[in-house]
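Inside the fold
One-letter residues, chain by chain:
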Amino acid sequence: MPISFSEKNKTFHLDTEHTSCVMQIGPSGELRHLYYGASIASGDDLSSFARRRDRAFSPYPESLTANESLNIANLEISSFGSGDFHNTAIRLQKQNGSSVTSTVYSSHTIRKGKAPLPGLPASFAPEKQCETLEVVMKDSFSDVRIVLRYSVFENSDVIARSVTIVNPGPEPVRIEKLMSAQLDFESSEYDMVYLQGKWARERHAVRVPVHPGMQGFRSARGSTGHQYNPGIVLASRSASERTGEVFGMLLLYSGSYAVEVESDEYQALRAMIGINDETFCWRLEPGAEFHSPETLLVFSENGLGGLSRQYHSFLMEHVIRSPWKHVRRPILVNNWEATYFEFDDRKIYELARSAASLGIEMLVLDDGWFGKRNDDRSSLGDWFVNTRKLGNLGKLVEKINRLGMKFGLWFEPEMISEDSDLYRKHPEWVLSVPGKRRSLGRSQMVLDMSRKEVVDYLFETIAGILHSANIEYIKWDMNRNLTEIYSASLPAEQQGEVAHRYVLGVYELHERLLNEFPNLLIEGCSGGGGRFDAGMLYYVPQIWCSDDTDALERIPIQLGTSLFYPSSTMGAHVSVCPNHQTHRTVSFRLRGDVALAGTFGYELDITALGEDEQKQIREQIGRYHQFNDLIREGNFYRVTENFGLDDVSAWCWVSADRKEVLMTAVRSSDSPCAQSPVVRLRIPGLDPGLIYRMQDRPFAMHGSTLMNAGINASEDLRGNAVSVLYHLKAE
Ligand code: GLA
């Protein structure tokens, strides 16, 4: 049994494939955290870890002793105002105005399977492949029940954790704060590894030591944002890509979130992740329930790479639902950087025709096909074809289909332009405080997705377009953050709910569209990669990584993204040079080799290419077809440390049977005093006993040699902005 309860020690023991997590019902009913790490036997008594030394100034529950103070305990859920003075995970305000909360064990169940989280993305598995523990806690200051839910899965080292609050009545309570997961550690000897970025520079990995005091990061943007990603890794100081103990927390949520890390005066450490309480407050009526987003917890003793691979395979098997996840995606050409708003049906058809002749498989028509939109100042919300520009969309799509190409279309469902028929009809559908100052972003406003009628309108108009033509893909964009978060449809006491209800509305629209069009391939996007999160991946199998398509800039973006997310989720294209974002020119070969690491496509004017580039596109497409199965399904390794931030970076995919490897190595810049005269690439993940043969040169070596001594790539990586692919197969 992966989950067991010892009546004698009052201990829960959870086992994943290689890890264990142990918790215990403490003397005042609190749920104490005893252990999380590499697998240990169940049944052994770890109670001694629950007790710490008496500390001055640590109040304790009456009838107990100072040793039992909650302030010096490692807890599974910490409550506000009842003796734990750190950042706490739950704060419930009662009708008497008090926010004092205390969670006390009431009952538990262990059962096969895992129930969905109503309205929210959540991991899933066939009933016999997972088991769920529900620990029901009771708030000592109200009748509210707090249900802590933990699921473990066969062949995986992930624990899925969420919290549900149930109000049996008789009075409403206000949820002022609710974190989805908490990890307490006795020591602060860890580094925090997380992803920071900005527009066109998303998800660069950052590694900093935990320091005394509060730290962390968050989004208050109403979506995940370009700036940080909703996940954190706590890595032992010596952990590298391949070795060392690391703990991860990844949130399945696409709204404002917070990661709170605190190293206290005794160097004990607490890390929590969940909805950002700055923009959240929820009135829970008698009889109602509230579900927190889910967190995926991972422990690995195989370093950051081991942790990443746990997340990759789990997201693929248990989070991404799309029927496309294990399928080679159509190679697309997107017209955005080719035309921006300057196009008509003839230009789009010409693009499609040239693309088809090179082996490209889908034309994606980006922004500007609807309403009267010829720049970014109008028409969002008017999801009706601009027939003056495009004629009959159905006919255009038919013509493109006749070329053997699929057709895809851009939408930005959550937005509205002031200059739109929709705004003229429904000004009250905008998120804003009525009659007061409001903010614009890219000249646009945000629809109030908490309103059912807004979601209905969007579903009907988008479904109408999708039914009108053979549209097999949509790019779902979101180009500004939320401000003046206020809904004209909710009473004063529920305004704190709007930001979360917005996210629920976005999820509902996804859900309804996928029910109607189950095979629709959706690519997420938000001004590039401003909403790249595991919540979105529940609905969409791929997300545009960044508006920065410069191949060298893409390396730290894609390798940073790989901390949590698999290659098959990363939208990556070859674009024109000089690059539109960086004005840099690099070889077509390098652009192709970097884009190969995600979903593959083109973002340039195919009709304007010379013969040499056309030839290279054919070759790149050949490589995509040759390697995409390995890239999509293989195990991903960052071969070099430092997430692509050094001059030389390499990464590889290894097939499940360890018999095939594709490694990409890139040197961004060279100099006589480069990092090291020898570029030694040690290829991880191989079978040490097998002999691997390079596919396009006379070279063979044992797996053990390739893994430990490595290959010398110095000659292949001479110069600036050069790349090389190494394809190896075991004999
Ligand atoms: C965002 C996207 C781009 C493009 C434009 C269209 O910036 O990231 O790829 O779709 O919007 O307006």
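Refer to the structure printed above.
Read on for a plain summary of the structure. Keep in mind it's a predicted model, so treat the numbers as computed, not measured. (Residues numbered from 1 in each chain as written. Predicted model: local features only at pLDDT ≥ 70, side-chain atom pairs only at ≥ 80, totals over all residues. Heavy atoms only, no water.)

Here we look at the overall build of the protein
Using the following cut-off: Numbering of helices and strands runs from the N terminus, with a helix taken as a DSSP run of H or I at least four residues long and a strand as a DSSP run of E at least two residues long. With the radius of gyration taken over C-alpha atoms, the globule rule is written as 2.2 Å times the number of residues to the power 0.38. Three exposure classes are used, based on accessible area relative to the maximum for each residue type with a 1.4 Å probe and protein chains only: buried under 20%, partly exposed in between, and exposed over 50%. In this description, contact between two residues means that some pair of their heavy atoms is separated by no more than 4.5 Å. Note that accessible areas follow from Shrake-Rupley with a 1.4 Å probe, and for residues the cover is restricted to the protein chains shown. Lys and Arg are tallied as positive, Asp and Glu as negative. Neither His nor the chain termini are counted. The atom standing in for a charge is NZ when the residue is Lys, CZ when it is Arg, CG when it is Asp and CD when it is Glu.
From N to C terminus, the protein includes 13 helices and 38 strands. Whereas a compact globule of 731 residues would reach a radius of gyration of roughly 27 Å, the protein reaches 26 Å, a difference of no more than 12%. Oriented by its inertia axes, the alpha-carbon framework of the protein measures out at about 85 × 70 × 45 Å. Among the 731 residues that make up the protein, the fraction classed as buried is 62%. Here the contacts in the protein between residues at least 6 apart in sequence split such that 69% fall between residues at least 24 apart. Per element, the accessible surface of the protein, about 26600 Å² overall, is 49% carbon and sulfur. For the protein, the centre of its 77 positive side-chain charges and the centre of its 94 negative side-chain charges are spaced 2 Å apart.

Things to note about the nonpolar core
Our working rule: Among the buried residues, those of types Ala, Val, Leu, Ile, Met, Phe, Trp, Tyr and Cys that are joined through side-chain atoms within 4.5 Å form a nonpolar core.
Of all hydrophobic cores here, the largest spans 196 residues; its most connected members are L14, L296, L363, W369, Y502, Y602 and I606. Top element by residues in this core is helix α7 (residues 452-468). It accounts for nine residues. Dropping the residues within four chain positions of it, L363 is found in contact with V333, I348, L351, A352, I400, M405, K406, F407 and G408. With 24 residues, the next largest nonpolar core counts V639, L706, I711 and A730 among its residues.

Remarks on the sheet that holds strand β30 (residues 599-603)
Picture the strands of a sheet paired through backbone hydrogen bonds; they go either parallel or antiparallel. Short version of the rule: The pairing criterion is simple: DSSP has to find at least two bridges between the two strands. Throughout, an axis means a line fitted to C-alpha atoms (over the contacting stretch in the case of helices), and angles, computed between N-to-C directions, take values from 0 to 180 degrees.
What the eight strands build is a closed barrel, ordered β21-β22-β23-β26-β27-β28-β29-β30; its pairing is parallel. Between one strand and the next, the sheet's axes are offset by a mean angle of 30°, whatever the strand orientation. In this structure, strand β21 (residues 332-334) lies alongside β30, joined through two bridges in parallel fashion. Across the sheet, L332 pairs through a bridge with G601, a residue of β30. Docked against the sheet, helix α11 (residues 588-595) engages β29 (570-575) and β30, running at close to 170° with respect to β29.

Examining the pattern of salt bridges
As a reminder, the rule being used: When a carboxyl oxygen of Asp or Glu lies within 4 Å of a side-chain nitrogen of Lys or Arg, that pair is called a salt bridge.
Inspection of the entire model under this criterion finds 52 salt bridges. Here R111 makes a salt bridge to E134, at a shortest N to O gap of 3.9 Å. Separated by 23 residues along the polypeptide, R111 in strand β6 (residues 103-112) and E134 in strand β7 (residues 130-139) bring together distant segments of the chain. You can call R111 partly exposed: its relative accessible area is 45%. Overall, the relative accessible area of 17% leaves E134 in the buried class. The shortest N-O distance in the salt bridge between R353 and E350 comes to 3.1 Å. Here the residue R353 and the residue E350 both occupy positions in helix α3 (residues 345-358), the gap between them amounting to three residues, near one helical turn. For R353, a relative accessible area of 42% gives the class partly exposed. What you see here is one network of salt bridges that share partners, running through E189, D191, R207 and R237.

So, α7
Inclusion rule: An expected span of 1.5 Å times one less than the residue number is assigned to each helix.
Counted at 1.5 Å a residue, the expected span for α7 with its 17 residues is 24 Å, and the 24 Å between its end C-alpha atoms agrees. Buried within α7 are the following residues: V454, V455, D456, Y457, L458, F459, T461, I462, A463, I465 and L466.

Describing the packing of aromatic side chains
Here is the rule we go by: Here a pair means two rings of Phe, Tyr or Trp (six-membered ring of Trp) with centres within 6.5 Å. Their orientation is stacked below 30 degrees between planes, edge-to-face above 60, and tilted elsewhere. Note on geometry: a ring has a charge over it if NZ (lysine) or CZ (arginine) is within 6 Å of the ring centre and within 35 degrees of the ring normal.
The final tally for this structure, using the stated rule, is 34 aromatic pairs. Both rings, one in F124 and one in Y538, keep their centres 6.5 Å apart while their planes meet at 55°; by these two values the pair is tilted. Residue F124 is located in the loop between β6 and β7, and its partner Y538 is located in the loop between α9 (534-537) and β28 (542-544); the two are separated by 414 residues in the primary sequence. Since its relative accessible area comes to 12%, Y538 is described here as buried. Between W336 and Y340 the ring centres are 4.9 Å apart and the planes differ by 75°, which places this aromatic pair in the edge-to-face class. By the ring-pair criterion, three or more aromatic residues cluster together here, those being Y36, F185, Y190, F247 and F299. Sitting over the ring of Y538, R321 keeps its end group 4.2 Å from the ring centre.

Here we look at unusual backbone geometry
Across the junction of G169 and P170, the peptide omega takes the value 5°, indicating a cis bond. At H583, a residue that is not glycine, the phi angle is positive and equals roughly 60°. On the secondary structure map, H583 appears in the loop between β29 and α11. In the Ramachandran plot, N642 falls in the positive-phi region, its phi being about 80° despite a non-glycine side chain.

Focus: the side chain of H291
Put simply, the rule reads: Here a polar contact means two N or O atoms within 3.5 Å. Within protein one must be a hydrogen donor candidate and the other an acceptor candidate, and residues neighboring in sequence count only if both atoms are side-chain atoms.
Mapped onto the elements, H291 comes out in strand β19 (residues 289-291). Within the structure, the side chain of H291 is placed 2.9 Å from the side chain of T164, a separation counted as a polar contact. Within the structure, H291 has its side chain in polar contact with the side chain of E289 (distance 3.3 Å). Apart from the residues lying within four places of it in its own chain, the contact partners of H291 are L117, P118, L120, V163 and T164.

Considerations on the site of the ligand
Definition in use: Near is defined per residue: the residue qualifies when any heavy atom it owns lies within 4 Å of the molecule or strand. Throughout, the ten residues Ala, Val, Leu, Ile, Met, Phe, Trp, Tyr, Cys and Pro are labelled nonpolar, Asp, Glu, Lys and Arg are labelled charged, and all others, Gly among them, are labelled polar.
The ligand sits among 13 residues. The nearest are D366, D367, R442, K475 and D547. About the coverage of the ligand: the protein hides 95% of its 310 Å² of free accessible area. Each residue belonging to the shell around the ligand can be placed in one class, and the counts come to four nonpolar, three polar and six charged.

Things to note about the sheet that holds strand β33 (residues 660-667)
The strand order across the open sheet formed by six strands is β31-β32-β33-β38-β35-β36, and the pairing between neighbours is antiparallel. Two strands lie at the open edges of the sheet, namely β31 (635-638) and β36 (700-702), each paired on one side alone. When the angles between neighbouring strand axes are averaged without regard to direction, this sheet yields 25°. Where strand β35 (residues 691-694) lies against strand β38 (residues 722-730), three bridges are found, and the strand directions are antiparallel. Bridge pairing in β38 links M694 to L728.

A word on helix α10 (residues 551-561)
Counting buried positions along α10 yields eleven of eleven residues, so the element is predominantly enclosed. Among all positions of α10, only A551, L552, E553, R554, I555, P556, I557, Q558, L559, G560 and T561 are buried. The N-capping residue of α10, defined by a side-chain oxygen 2.8 Å from the backbone nitrogen of L552, is D550.

Let's talk about the pairing of β35
The side-chain alternation of β35 yields one buried face, formed by Y692 and M694, and one unburied face, formed by I691 and R693. Examined bridge by bridge, β35 and β36 share three bridges and lie antiparallel to one another. Residue pairing for β36: Y692 is matched across the bridge by M701. The antiparallel pairing of β35 with β36 creates a hairpin that spans five residues between the two strands.

Remarks on the pairing of strand β11 (residues 190-196)
Among the seven residues that make up β11, six are buried, leaving the element largely enclosed by the rest of the structure. Pairing geometry for β11 and strand β14 (residues 231-236), over four bridges, is antiparallel. Looking across to β14, one finds that Y190 is bridged to S236. Note: β11 against strand β12 (residues 204-209), six bridges, orientation antiparallel. Each bridged residue has a counterpart across the sheet, and for Q196 the counterpart in β12 is H204.

Topic: the environment of V433
With respect to the secondary-structure elements, V433 resides in the loop between α6 (421-425) and β25 (444-446). When the C-alpha positions of V433 and E484 are compared, they lie 6.2 Å apart, and in sequence the two are 51 residues distant. Excluding its chain neighbours within four sequence positions, the residues that come into contact with V433 are E484 and Y486.

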